[in-house]
Amino acid sequence: MESTDREEQLVNRLERIKTLEEEVLKREKALKNKENARKQVLLRLAPSLWDEIASWAEDDLRSINSQIEFILREAVKKRTK
């Protein structure tokens, strides 16, 4: 009798652990998705500025979008220092 109670307690603990693990995995996935999310921004640029950024992006082997994001990230770093 005593061993079956103990076994039941262990099974219940194991189920709670599995539930907690699933919850942690869900939260980790949600955080990862949030980090990977991107905001869309409409940006109007002069054609000459676009050409300069496109040339710079090509030199750095980046897309134009990635280059603009890089420039903005560097500007924010510089401002916060």
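Residues numbered from 1 in each chain as written. Predicted model: local features only at pLDDT ≥ 70, side-chain atom pairs only at ≥ 80, totals over all residues. Heavy atoms only, no water.

What to know about the overall build of the protein
Part 1 of the argument: Helix and strand content of the protein: three helices and zero strands.
Part 2 of the argument: Expressed along its principal axes, the backbone C-alpha trace of the protein runs to roughly 85 × 25 × 25 Å.
Part 3 of the argument: Sorting the 81 residues of the protein into buried and exposed places 5% on the buried side.
Part 4 of the argument: When the accessible surface of the protein is totalled, it reaches about 8,200 Å², and 54% of it is carbon and sulfur.
Part 5 of the argument: Between the averaged position of the 18 positive side-chain charges in the protein and that of its 17 negative side-chain charges there is a distance of 7 Å. (Helix = DSSP H or I, 4+ residues; strand = E, 2+ residues; numbered from the N terminus. Buried < 20%, exposed > 50% of the residue type's maximum accessible area, 1.4 Å probe, protein only. Areas by Shrake-Rupley, 256 points an atom, 1.4 Å probe, with all protein chains shown as cover. Lys, Arg positive; Asp, Glu negative; His and termini not counted. Charge placed at Lys NZ, Arg CZ, Asp CG, Glu CD.)

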